[in-house]
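Coordinate analysis (summary)
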Amino acid sequence: MKPRARLPHLLMAVGMLYFLIPLLWIVIAATKSQADLLSSPALWFADFSLVDNLTALFREDGGVYGRWLRNTALYSGVSAAGATLLAALAGYGLARFSFWGKRFFETALLGMIMVPSTALVLPTYLILSNVGMVNTAWAVILPSLLSPFGTYLIRVYVAENVPVELVDAARLDRAGELRIFWQVVLPMIRPALTTVFLFTLVSTWNNYFLPLVMLSDADLFPLTVGLTTWFNTAQQEAGTRVLFNLVVTGSLLAIVPLVVAFVLLQRFWRSGASTGALR
Amino acid sequence: MTRRRLTDHPVAGILFVLPFFLVVVVFLVVPLGYAFWLSLSSKSLALGTRFTGFDNYVRAFTDPMLLDGFLRVVVFGAVQIPVMLGIALVGALALDAITTRFAVAFRLIAFMPYAVPAVLGALMWGFLYSRTFGPFADLPTVFGGAPVDFFSAGLLLASLGNIVTWAWTGYNMIVLYSALQGVPRELYEAALIDGASQIQLAWRIKVPAIKQAIALATVFTVIGTMQFFVEPYVMSRFAPQISAGYTPNLYAYNQAFAYSDFHYSATISFTLGFVVFVAAYAFVLVSRRRRGDS
């Protein structure tokens, strides 16, 4: 190692510790009973109770944690798939067709990316409550379909990677527009689709404000809202009910799939991040 | 040629964009319009709902609680954003200069907090800060000092800033690192032949080359900061002094769900959205025009 590279390596080591400690803490804490959680050293193991915690986690409140897990997977899966499809259709439409109002819509698209999403949540709640749709899965899924950034990203990707000649050749072969989209265009833009899908999946999985506002029935909660209600109960009852260890174990279980997914799929995030930053 | 081909199927183009357009109308245009419409009226027990024009806006701009919250977020951002983006930039430059396996591991680990839902991140840090659960509060007692109260008035904002920094530094680092990867390497060689040091290379060539990415990361961070909600909302369970109006977004939420004043809540939401939108959009348009493309 060159001597001048020592300082950057040292700084990286410090950074790694900083980013890792909370994650290490939650892994260790999830193996502790509530009593040990309060009394043993925070960053070292006590009696190993992970299995007990997991069993208790799925038993608490009639197994509601399992439902939260399913809800989260359902909301984020359906939202991500839907948002990606809408973004792919619109991104292709904008990149490869010309029609009235297109220029205006493309400029507006840039503005839509800039609209703070939480400013939309409360008015959307009021509108959905007028049509009786709050406190349903749709109230979380439908607003999550809105992904101007995804549409923008796919428009850029199509413009660069789908040759006009290829689409025209398919037209000469008398393929319908929808068939061209499905069989020619979609396979060619798979990396962009994956990126948009992952971004919307993570943002819906992690979303808290939208489901917090929209849902009141605990059976419909995603993990983020469910776990915080448990935490609030634990806090109010000053730990008399055994819940803190379940909040910790439940949080770990909610985090692990996403951390694993993005470590495996890291390059897609990088391509998405760079497209967003460079264009 | 291309132009003619593109205009061949105007109806098909509209049909492709239509589903997305409908979602935009229903979940973006209509909510913004509805919030504005709601903000123009007020509801009271004595008079019911009536049109009050811009009264709600006058109230908002003279509401000390809202102004305090706004100021708090501005102060918070003025410190947290430069610190976070500074660390992210230095990290990205280091990643760009060093290609050891250690650097790859650092890149992965720094990005991990992004996958942690903000609310669970805030909860984790709440535990870590607390005297009963966490390792940090009692650390000074080892050396005979007094325990740290991370939720005290003096430290609360810094404690919140640390949570946000932890969650987003790695993400921004990857954005800037990806931008650095897109800079043509020939630029560096010329500078190195001229005898530039690595530090000079970084500040004189690499940083200017990714100015656009730095600017966009700043815009998105500012948008995020103005919406500050989850961390103070969760931390209010640990730190009861976090008021209903600690941040504007928290205030809007509490106006709606704690005080059932949807008109005033809509006013705050709309104002917040409008201010952020105009500032961010203007910034992006201006910086694009300066670059000389559309």
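Remember, predicted model here, so these are calculated numbers, not experimental data.

1. A short note on the overall build of chain A
- On a plain count of helices and strands, chain A comes out with 14 helices and zero strands.
- Along chain A, helices and strands appear, N-terminal first, in the series α-α-α-α-α-α-α-α-α-α-α-α-α-α.
- Principal axes of the C-alpha set define a box for chain A whose edges measure 75 × 65 × 35 Å.
- A total of 279 residues make up chain A; the buried ones form 57% of that total.
- Contacts in chain A between residues far apart in sequence, at least 24 positions, make up 72% of those at least 6 positions apart.
- Chain A carries 19 positive and 14 negative side-chain charges, and their two centres are separated by 13 Å.

2. Looking at the overall build of chain B
- If you tally the helices and strands in chain B, you get 14 helices and two strands.
- Since a compact globule built from 294 residues should have a radius of gyration of about 19 Å, the 24 Å found for chain B marks it as more spread out than a globular shape.
- Taking the principal axes of the C-alpha coordinates as reference, chain B spans close to 80 × 80 × 30 Å.
- Expressed as a percentage of the 294 residues in chain B, the buried residues total 52%.
- For chain B, contacts bridging at least 24 residues in sequence account for 64% of all contacts bridging at least 6.
- Within the structure as shown, chain B displays about 13,700 Å² of accessible surface, and the carbon and sulfur contribution to it stands at 69%.
- Of the charged side chains in chain B, 19 are positive and 13 negative, and the gap between their average positions amounts to 6 Å.

3. Some details on the UniProt feature "transmembrane region" (unreviewed entry) in chain B
All names here are of chain B.
- Per the UniProt record, "transmembrane region" (unreviewed entry) is found at residues 12-37, 73-96, 108-130, 150-171, 213-230 and 262-286.
- Taken end to end, residues 73-96 is 100% helix and 0% strand, and its first and last C-alpha atoms sit 33 Å apart.
- The straight-line gap between the two end C-alpha atoms of residues 150-171 is 25 Å; of that span, 73% is helix and 0% is strand.

4. Some points on helix 9 (residues 177-188) of chain A
- Along its 12 residues, helix 9 of chain A runs 15 Å from first to last C-alpha, staying within 8% of the 16 Å computed at 1.5 Å per residue.
- Every buried residue of helix 9 of chain A is accounted for by E177, I180, F181, V185 and L186 of chain A. Around the axis of helix 9 of chain A, the buried residues are gathered within 150 degrees of arc, so they sit on the same side. Residues of helix 9 of chain A that are exposed and angled more than 90 degrees away from the buried face: R179 and W182 of chain A.
- Those residues of helix 9 of chain A that are buried are in contact with helix 3 (50-96), helix 8 (164-172) and helix 10 (190-206) of chain A together with helix 2 (10-39) of chain B.

5. As for the packing of helix 5 (residues 117-130) of chain A against helix 2 of chain B
- Two elements in contact, helix 5 of chain A and helix 2 of chain B, have axes separated by 8 Å at closest approach and are oriented at 90 degrees. Between helix 5 of chain A and helix 2 of chain B, the interaxial angle falls into the category roughly perpendicular. Contacts between helix 5 of chain A and helix 2 of chain B involve L120, P123, T124, L126, I127, L128 and N130 of chain A from the former and F27, L28, V30, P31, L32, Y34, A35 and L38 of chain B from the latter.
- Broken down by class, the residue content of the contact of helix 5 of chain A with helix 2 of chain B amounts to 13 nonpolar, two polar and no charged.

6. A look at the side chain of Q227 of chain B
- Tracing the sequence through the fold places Q227 of chain B in the loop between helix 11 (211-226) and helix 12 (230-235).
- Taking relative accessible area as the criterion, Q227 of chain B reaches 11% and is therefore assigned buried.
- Of the polar contacts made by the side chain of Q227 of chain B, one reaches the backbone nitrogen of S117 of chain A; its length is 3.2 Å.

7. Digging into the pattern of salt bridges
- Summed over the entire model, instances satisfying the criterion amount to eight salt bridges over all chains.
- Measuring nitrogen to oxygen at the nearest pair gives 2.7 Å for the salt bridge that ties R171 of chain A to E177 of chain A. A single burial state applies to R171 of chain A and to E177 of chain A, both of which are buried.
- Ionic pairing is found between D261 of chain B and R59 of chain B, a salt bridge with its closest N-O pair at 3.3 Å. Residue D261 of chain B is located in the loop between helix 13 (248-257) and helix 14 (262-291), and its partner R59 of chain B is located in helix 3 (residues 55-61); the two are separated by 202 residues in the primary sequence.
- Owing to a relative accessible area of 37%, R59 of chain B belongs among the partly exposed residues under this scheme.
- A cluster of three or more residues bridged by salt bridges with shared partners is formed by D168, R171 and E177 of chain A.

8. Structural notes on the confidence of the model for chain A
- Looking at chain A, pLDDT values average 89 and 94% of them are 70 or higher.
- The least confident element of chain A is helix 14 (residues 266-278) of chain A, whose mean pLDDT is 61; the most confident is helix 6 (residues 137-144) of chain A, at 97.

9. A word on the UniProt feature "transmembrane region" (unreviewed entry) in chain A
All names here are of chain A.
- On the UniProt side, "transmembrane region" (unreviewed entry) is annotated at positions that read residues 7-28, 73-95, 107-128, 140-159, 180-202, 208-231 and 243-265 here.
- Here residues 140-159 is 85% helix and 0% strand, with 32 Å between the C-alpha atoms at its ends.
- Within the segment residues 243-265, helix and strand shares are 91% and 0% respectively, and the terminal C-alpha atoms sit 34 Å apart.

10. A word on the pairing of strand 1 (residues 41-44) of chain B
All names here are of chain B.
- Sheet topology places strand 1 next to strand 2 (residues 48-51); four bridges connect them, and they run antiparallel. When the sheet's bridge partners are listed, S42 is paired in strand 2 with R50.
- Hairpin connection from strand 1 to strand 2: three residues lie between these consecutive antiparallel strands.

11. Focus on the interface of chain A and chain B
- Each partner contributes residues to the interface: chain A has 103 residues there, and chain B has 99 residues.
- When chain A packs against chain B, the two sides together hide about 9,200 Å² of surface, and 79% of this comes from carbon and sulfur.
- Together, M12, F19 and M114 of chain A form the three largest contributors to the area buried by chain A at its contact with chain B, with a combined 9%.
- Seen at the junction of chain A and chain B, the total is 11 residue pairs in polar contact (both at pLDDT 80 or more).

Conventions and cut-offs
- Residues numbered from 1 in each chain as written.
- Chains lettered and ligands numbered in written order.
- Predicted model: local features only at pLDDT ≥ 70, side-chain atom pairs only at ≥ 80, totals over all residues.
- Heavy atoms only, no water.
- Helix = DSSP H or I, 4+ residues; strand = E, 2+ residues; numbered from the N terminus.
- Buried < 20%, exposed > 50% of the residue type's maximum accessible area, 1.4 Å probe, protein only.
- Contact = heavy atoms within 4.5 Å.
- Lys, Arg positive; Asp, Glu negative; His and termini not counted.
- Charge placed at Lys NZ, Arg CZ, Asp CG, Glu CD.
- Rg over C-alpha atoms; globule rule 2.2 N^0.38 Å.
- Areas by Shrake-Rupley, 256 points an atom, 1.4 Å probe, with all protein chains shown as cover.
- UniProt positions renumbered as here; feature names shortened; annotations may be inferred.
- Expected span 1.5 Å × (residues − 1).
- Arc of directions from axis to C-beta.
- Axes fitted to C-alpha atoms, helices over the stretch in contact; angles between N-to-C directions.
- Parallel < 35°, antiparallel > 145°, perpendicular 65-115°, else oblique.
- Nonpolar A, V, L, I, M, F, W, Y, C, P; charged D, E, K, R; others polar.
- Polar contact = N/O pair within 3.5 Å; in protein donor to acceptor, adjacent residues only side chain to side chain.
- Salt bridge = Lys/Arg side-chain N within 4 Å of Asp/Glu carboxyl O.
- pLDDT = per-residue confidence, 0-100.
- Pairing = 2+ DSSP bridges.
- Buried area = accessible area lost by both parts, 1.4 Å probe.

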